[in-house]
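Residues per chain are reported as follows:
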Amino acid sequence: MRIAVLGTGMVGQTIAGKLAALGHEVTMGSRQAGNERAVAWARSAGAPAAEGSFADAASRSEVVVNATSGAASLEALAAAGAANLAGKVLVDVANPLDFSHGMPPTLTVANTDSLGEQIQAAFPDALVVKALNTMNCRVMVEPGLVPGSHMVMLCGNDGGAKATVAELLAGFGWPPADVVDLGDLTAARGMEMYVILWVRLMGVVGGPDFNIGVLRGDQ
Ligand SMILES: NC(=O)c1ccc[n+]([C@@H]2O[C@H](COP(=O)([O-])OP(=O)(O)OC[C@H]3O[C@@H](n4cnc5c(N)ncnc54)[C@H](OP(=O)(O)O)[C@@H]3O)[C@@H](O)[C@H]2O)c1
């Protein structure tokens, strides 16, 4: 599959690397083609990995992963271009974190709205699926780092788009039973607000390689 990974940070590099290793044709996007980190990534991943501007990456791909800074995601996706996102699965991994007041971060949007929904509203023809934002990027692509059953949540308004993302998650090593579909995109509110708890938990757990699961009783 031709996949754009928008973002040259730790998350973009990790997801792009895994997708390329799985045989997908990945283009890493950034604000400017020729971004040093993207060029280095494409070189290390080998052909057919490529890099380019956000628009270059989105235009040549069937699926787009948003791994940009949450505070700048709308700007980054605008640069990718609405036409280049139309009709495509847009996997939104970003968290709308505001570090301007130091640590711990707060959210730029919450409660009655979410970054996932803001992206969907700004790009109504994209098929936005919120996923993977509730864990460290190493765990995203290597769930076996955490023993036992633990979950990756997703939500979105298009069933077919969610099925495509579930397939990609299976490729990352997520057992289908651990992929929890929370329903429509309004569930992104809770998925993003959870990250505030995730930051707190990381301090208690002592590192980022952890995740949560749901233990069900008799209903
Ligand atoms: N760290 C984790 O394990 C983790 C886990 C879950 C979710 N997340 C979320 O994943 C996303 C990526 O995190 P990260 O730490 O890898 O990277 P990041 O530093 O949050 O974001 C880097 C990307 O954002 C782009 N960017 C920054 N400012 C921009 C602007 N004004 N306009 C357009 N684009 C801009 C950069 O573009 P250039 O390439 O041009 O510099 C770069 O590609 C974030 O939303 C984060 O909250 C992170």
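First things first, this report covers the structure right here in the doc. No experiment lies behind these values; they were computed from the predicted model shown.

## Overview of the sheet that holds strand E2 (residues 25–30)
Across the sheet, which stays open at both edges, the eight strands sit in the order E3-E2-E1-E4-E5-E8-E9-E10 with mixed pairing between neighbours. Pairing within the sheet leaves two strands with one partner each, and these edge strands are strand E3 (50–53) and strand E10 (179–181). Ignoring which end each strand starts from, the neighbouring axes of this sheet average 25° apart. Pairing of strand E8 (residues 127–131) with strand E9 (residues 152–156) involves three bridges; the strand directions are antiparallel. Within the sheet, the bridge partner assigned to Val129 lies in E9 and is Gly156. The strands touched by helix H8 (residues 159–172) are strand E1 (2–6), strand E4 (63–66), strand E5 (89–92), E8, E9 and E10; relative to E9, the strand with the most contacts, the crossing angle is about 160°.

## Quick word on the pattern of salt bridges
Pairing is possible between side chains that carry opposite charge, provided their charged atoms lie close to one another. Enumeration over the complete set of coordinates arrives at six salt bridges. Of the charged contacts, one joins Glu62 and Arg2 as a salt bridge, the two residues approaching to 4.0 Å between their closest N and O atoms. Of this pair, Glu62 sits in the loop between helix H3 (54–59) and E4 while Arg2 is found in strand E1, placing the two residues 60 residues apart along the sequence. Residue classification places Glu62 among the partly exposed residues on the basis of a relative accessible area of 38%. The exposure class assigned to Arg2 is partly exposed, which follows from its relative accessible area of 35%. Salt bridges here are not isolated pairs; linked through shared partners, they connect Asp92, Lys130 and Glu192.

Rules and cut-offs
- Residues numbered from 1 in each chain as written.
- Predicted model: local features only at pLDDT ≥ 70, side-chain atom pairs only at ≥ 80, totals over all residues.
- Heavy atoms only, no water.
- Pairing = 2+ DSSP bridges.
- Helix = DSSP H or I, 4+ residues; strand = E, 2+ residues; numbered from the N terminus.
- Axes fitted to C-alpha atoms, helices over the stretch in contact; angles between N-to-C directions.
- Contact = heavy atoms within 4.5 Å.
- Salt bridge = Lys/Arg side-chain N within 4 Å of Asp/Glu carboxyl O.
- Buried < 20%, exposed > 50% of the residue type's maximum accessible area, 1.4 Å probe, protein only.

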